[in-house]
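Observations on chain architecture
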Amino acid sequence: MKFVLASQNKHKLVEMQSILSAHGVEVVLESDVGLHVDVEETGESFAENAMLKAKAVMEASGLPAIADDSGVCVDALNGGPGIYSARYGGPELDDAGRYRLLLENMRGAKTRAAHFTSAIACIFPNGDTIEAEGICPGTIAFAPQGDGGFGYDPVFFLPELRKTYAQLTAEEKAAVSHRGKALEIFDGKLREYLKESGYGTDQ
């Protein structure tokens, strides 16, 4: 059974594959099935945006599609950048530019508390959907640390581990991250869905 990931992000693909392969599910990028679906993220929540992306890719590919919408929500910035995390500061900024802008905007902040949120949405050609959400609390570091991960990982600090996301091994990150938690919930829901529906047995 093949799922199309509504993303061009190879980092997300690796994280999705590690969980879904246990179900005999092969996860591929849009580009692997000849697609590049540009979805306008008009939702007002991570969950809405994830479903918008999954629905568009499912309709374009005719295959089950899975999407993740995630971001960092910073208390001192009233929950920002939130759903705008990937577009923070405009399209000309790369990952490093975005987290540097975040650090700049937090100068003098009284609290550095933050959390990462990941919403996962999956939609099947028959219209069935599965959704899951995971949250990981932490703080924003004063400077980037570590060279792993992507996005805001170098500045998202986990006090209990005394490491940023970018300093974690893949196994450590999967165990504690917002996406890891969302995928764990999604994994249980997918297992139940496949058992009850028999979906994929004749694929």
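Calculation criteria
Residues numbered from 1 in each chain as written. Predicted model: local features only at pLDDT ≥ 70, side-chain atom pairs only at ≥ 80, totals over all residues. Heavy atoms only, no water. Core = buried A, V, L, I, M, F, W, Y, C linked by side-chain atoms within 4.5 Å. Buried < 20%, exposed > 50% of the residue type's maximum accessible area, 1.4 Å probe, protein only. Helix = DSSP H or I, 4+ residues; strand = E, 2+ residues; numbered from the N terminus. Contact = heavy atoms within 4.5 Å. Salt bridge = Lys/Arg side-chain N within 4 Å of Asp/Glu carboxyl O. Axes fitted to C-alpha atoms, helices over the stretch in contact; angles between N-to-C directions. Parallel < 35°, antiparallel > 145°, perpendicular 65-115°, else oblique. Left-handed = near helix turned anticlockwise from the far one by under 90°.

**Here's the deal with the nonpolar core**
- Of all hydrophobic cores here, the largest spans 21 residues; its most connected members are Phe3, Leu20, Ile66, Phe124, Phe186 and Leu190.
- Elements supplying a minimum of two residues to this core: β1 (2-5), α1 (10-20), β2 (26-29), β5 (113-123), β6 (129-140) and α5 (178-197).
- Per element, the largest residue contribution to this core is 6 residues, and it comes from α5.
- If we ignore the near neighbours within four places in the chain, the residues touching isoleucine 66 are Phe3, Val4, Leu5, Ala6, Met16, Leu20, Ile120, Ala121, Cys122 and Phe186.
- Membership of the second largest hydrophobic core comes to 18 residues, among which are Val72, Tyr88, Leu103 and Leu158.

**Quick look at the environment of aspartate 75**
- Relative to the helices and strands, aspartate 75 resides in the loop between β3 (65-74) and β4 (80-81).
- On the basis of relative accessibility, which here comes to 44%, the residue aspartate 75 falls in the partly exposed class.
- For the pair aspartate 75 and aspartate 95, spaced 20 residues apart in sequence, the C-alpha to C-alpha distance is 20 Å.

**With respect to the pattern of salt bridges**
- Here the structure, examined in full by the defined rule, presents 12 salt bridges.
- A salt bridge links arginine 98 to aspartate 95; the shortest N-O distance between them is 3.1 Å. Within this pair, arginine 98 and its partner aspartate 95 are both found in helix α3 (residues 95-105), separated by 3 residues, close to a single helical turn.
- By relative accessible area, aspartate 95 is classed as partly exposed at 32%.
- As a salt-bridge pair, glutamate 192 and lysine 195 come within 4.0 Å of each other at their nearest N and O atoms.

**Focus on the packing of α1 against α5**
- At a minimum axis distance of 10 Å, the contact between α1 and α5 shows a crossing angle of 40°. Classified by the angle between their axes, α1 and α5 sit oblique to one another. Like other packed secondary-structure pairs, α1 and α5 cross with a definite hand, here right-handed. Across the interface between the two elements, Lys12, Glu15, Met16, Ile19 and Leu20 from α1 touch Arg179, Leu183, Phe186, Asp187 and Leu190 from α5.

**Comments concerning the environment of threonine 164**
- As for its position among the elements, threonine 164 is in strand β8 (residues 163-164).
- Given the relative accessible area of 0%, threonine 164 is considered buried.
- Note: C-alpha distance between threonine 164 and threonine 139 (25 residues apart in sequence) is 9.1 Å.

**Considerations on the environment of isoleucine 120**
- Its place among the elements puts isoleucine 120 in strand β5.
- Between the alpha carbons of isoleucine 120 and glutamate 133 there is a distance of 6.2 Å; along the sequence they are 13 residues apart.
- Beyond its immediate stretch of four places on either side in the chain, isoleucine 120 contacts Met16, Ile66, Ala67, Asp68, Ile130, Glu131, Ala132, Arg179, Ala182, Leu183 and Phe186.

By themselves, these figures tell us nothing about what the structure is for.
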